[in-house]
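Residues per chain, in single letters:
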Amino acid sequence: MGLTVLLVFGLILNAAMLCNGGVTSLFVRKVEPTKDMPLDSDVFRVPPGYNAPQQVHITQGDHDGKGVIVSWVTPSEPGSNTVLYWTANDKHKYHAEGHVRKYKFYNYTSGFIHHCTLRNLKIDTQYYYEVGIKHTMRQFSFRTPPKVGPDVPYTFGLIGDLGQSFDSNRTLAHYESNPNGQTVLYVGDLSYADNYPFHDNVRWDTWGRFTERSAAYQPWIWTAGNHEIDFVPEIGEKVPFKPYRNRYHTPYRASGSTSSLWYSIKRASAYIIVLSSYSAYGKYTPQYRWLEAELPKVDRKETPWLIVLMHSPWYNSYNYHYMEGETMRVMYEPWFVQYKVDVVFAGHVHAYERSERISNIAYNVVNGQCTPISDQSAPVYITIGDGGNLEGLATNMTEPQPKYSAYREASFGHAIFEIKNRTHAYYTWHRNQDGEAVAADSTWFYNRFWYPLEEPTSAMK
Ligand SMILES: [Fe+2]
C-alpha cells in the first residue's frame, strides 16, 4: 500500500516536472460578458459644430520620425485639407495641405477622410496643430521623438485587438493613466466593425472617435489584422482592406515598401518592422522581397532595438488560432534569428503570453528536429491581443504549458516597452484589474546586438 502511494506520488511529481513550462497565472478574472458600448456612449460623442473634424489621429509620417501624418474626418462636406501647426517658440503658424477622399462600402458612404503629412519637424519638440475651419477648428498637440540614436531612451505602449467594448474603454483608460507611454505600437484588429451586419462601417467611425483621445496626441503605429480585411464578395465588397486603407495611412514608401500593410520606421533607438499576416508572404511575393531586402539595412549601431509587429502570433499556447501563424514562421523565422530580432509583438489571440527566447528552425522535413529550443539569438514572442474587444477573452489553454511559454494569463490589458539605452529595456504587462503601477508580468530585455546574454528571468535551459 505504502509503495503504491509512493509510486503514485512519484508519477505525479514526474508529471509536474515534465510539464514544467513557465507560469500560467493563477489570477482568475471575474467572468462577465464583453459587450460593445452603445452608439450613444459618451466616448463616441460627435464634436459640436457643423462639419467639425472628428476621428483625429496621427502616425509617423516618414522613416526617421521628423514627419507626422495627421488624419481626420469631416462628416458633411470636404471642408479644409489644411493642418496648421506650430511650436511654442514660433511667431507664426505653419500650414500643410493634405488630401481628401471618401469611399462606399455596401450601403454605407464614408465622411470626408483627410490625410496630411507634416514634414521636416524639429526633433524632440512639442507641436500644436489645428484642423477644421473657423468656429469648428479643433486643436491638439504631439511631441516629436528625439533624434534617432543608439542610447535614446523611449517608451512604447503595446495595445492589440482593442475593439470598442466596455473592456476596450478600460484598456485605453488604463494605458492613458501611464504618463510614460510616448507612442503606441498597435498590433492589429482595430474596430471590429466586421462583426456587425454588412460590416456596418458606422462602427469604424465610432472607433475613430473613441480612440481620438489618445491617437490625436501620440502616434499609433498601425498593423493590419484579420478584422481589417473586410472582404465580403456576397455584398459586392471584393477589395480587401478597403475601410482600413482609406482611414489609416502609414509611411510605407519611405521604407521602400509597395504596400501600406508592411513597412518600417525608425523611432529614437528602435527600428520597427511591421508585417502583414494577411497579405502574401511566400517566396517571391512583394512582402517577402521587401523583408529580405529590409533586414540587412537595419544598422544596430544606430538603432539597437529591432522590434517586429504582426497580427497572428507564431508562438501561442492558447487553443485559439493555434498554429495560424505557422506558415509565416516557417518562411521568416530563420531571418529573425540571423538578424537577432529583439522582440516580436503580435495580437489576434485575446489573452496575454510571453515566450522564452526560442527558435525552431532546424527542421528539414526528414531530421525530426521540430521542437522549439532555447536560442539566445532568437526573439522573445509576446502576444498582446488582450485589448478587450467584443469577442471576449481566450481562456482555454493548451496543457501542459509548453516549455517555450514563459508566462500566460487570460486577462485584458496592455504592455509598456521602456528602452533605457542600447543594452537594456524594461518590459511590463498591466492587467486592467490592477492600478497602472502594478505590473502583472515584467522582465528586463537585454539587447541582442549589444548585450546578447541570457536574461535573468529565463527559465528554459
Ligand atoms: Fe485577429
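Residues numbered from 1 in each chain as written. Predicted model: local features only at pLDDT ≥ 70, side-chain atom pairs only at ≥ 80, totals over all residues. Heavy atoms only, no water.

As recorded in an unreviewed UniProt entry, the protein goes by Purple acid phosphatase and comes from Amborella trichopoda. The UniProt entry for the protein carries the following comment under Sequence similarities (unreviewed entry): "Belongs to the metallophosphoesterase superfamily. Purple acid phosphatase family." As its UniProt record puts it under Catalytic activity (unreviewed entry), the protein is described as follows: "a phosphate monoester + H2O = an alcohol + phosphate". (UniProt positions renumbered as here; feature names shortened; annotations may be inferred.)

1. A word on the environment of S260
One can find S260 in the loop between α4 (242–247) and β15 (263–267). Taking the relative accessible area as the measure of exposure, S260 reaches 9% and is therefore buried. Taking C-alpha positions, S260 is 38 Å from G368, a pair spaced 108 residues apart along the chain. Setting aside its immediate chain neighbours within four residues, S260 contacts R245, T250 and Y252. (Helix = DSSP H or I, 4+ residues; strand = E, 2+ residues; numbered from the N terminus. Buried < 20%, exposed > 50% of the residue type's maximum accessible area, 1.4 Å probe, protein only. Contact = heavy atoms within 4.5 Å.)

2. A look at the pattern of salt bridges
Under the definition given, this model contains 21 salt bridges. Residues D342 and R300 are paired through a salt bridge, measuring 2.9 Å at the closest nitrogen-oxygen approach. Within this pair, whereas D342 is found in the loop between α6 (326–338) and β18 (343–346), its partner R300 is found in the loop between α5 (286–294) and β17 (305–309), the two being separated by 42 residues in sequence. Across the pair E326 and R329 runs a salt bridge, and its minimum N-O distance is 2.6 Å. A residue pair is termed a helical-turn pair when its members lie 3 or 4 positions apart in one helix, as E326 and R329 do in helix α6 at three residues. Through salt bridges with shared partners, a single network forms among E326, R329 and E333. (Salt bridge = Lys/Arg side-chain N within 4 Å of Asp/Glu carboxyl O.)

3. What about the packing of α5 against α6?
Remark: α5 packs on α6, axes separated minimally by 11 Å, with the N-to-C direction vectors making an angle of 10 degrees. Here α5 lies roughly parallel to α6, going by the angle between them. Where α5 abuts α6, its residues Q287, Y288, L291 and E292 lie against M328, M331, Y332, W335 and F336. Residues that form the contact of α5 with α6 fall into these classes: seven nonpolar, one polar and one charged. (Axes fitted to C-alpha atoms, helices over the stretch in contact; angles between N-to-C directions. Parallel < 35°, antiparallel > 145°, perpendicular 65-115°, else oblique. Nonpolar A, V, L, I, M, F, W, Y, C, P; charged D, E, K, R; others polar.)

4. A look at empty space enclosed by the protein
One pass over the full model with this rule turns up four cavities of 30 Å³ or more. For the largest cavity, the calculated volume is near 100 Å³. Along the walls of the largest cavity sit 12 residues, with R354, S355, V380, E455 and T457 positioned nearest its centre. Contributing elements (two or more residues each) for the lining of the largest cavity: β19 (352–359) and β25 (441–446). For the lining of the largest cavity, the per-class residue count stands at three nonpolar, five polar and four charged. (1 Å grid on protein atoms, 1.4 Å probe; cavity = no way out; pocket = protein on both sides within 12 Å on 5 of 7 lines; lining within 4 Å. Points joined across faces, edges and corners; volume = space filled by probe spheres on them.)

5. Concerning the packing of aromatic side chains
Under the counting rule described, the total for this entry stands at 39 aromatic pairs. Look at Y186 and W220: their rings are 5.7 Å apart centre to centre, the planes differ by 20 degrees, and that puts the pair in the stacked class. Of this pair, Y186 sits in strand β13 (residues 183–186) while W220 sits in strand β14 (residues 220–221), and the two are 34 residues apart along the sequence. A residue is classified by how much of its surface remains accessible, and W220, at 0% relative accessible area, is buried. With a centroid separation of 5.9 Å and 80 degrees between ring planes, the pair formed by F345 and F417 is classed as edge-to-face. On the criterion of sequence distance, the pair formed by F345 in strand β18 and F417 in strand β23 (residues 413–419) is long-range, its members being 72 residues apart. Taken individually, F345 and F417 each receive the classification buried, so the pair is uniform in this respect. Members of the aromatic cluster, each reached through a chain of ring pairs, are Y85, Y94, Y127, Y129, F140, F142 and Y217. Directly above the ring of W86 sits K93, whose terminal nitrogen or CZ lies 4.5 Å from the centroid. (Phe/Tyr/Trp six-rings, centres within 6.5 Å; stacked < 30°, edge-to-face > 60°. Lys NZ or Arg CZ within 6 Å of the ring centre and 35° of its normal.)

6. A look at the sheet that holds strand β11 (residues 138–143)
An order of β5-β4-β10-β11 is seen for the four strands of this open sheet, with the pairing classed as antiparallel. Looking at strand neighbours, the two that pair on one side only are β5 (94–97) and β11, the edges of this open sheet. Neighbour to neighbour, the strand axes of the sheet diverge by 30 degrees on average, direction disregarded. Here strand β4 (residues 82–87) runs beside β5; their pairing, made up of four bridges, is antiparallel. Note that in β5 the partner of Y85 across the bridge is Y94. (Pairing = 2+ DSSP bridges.)

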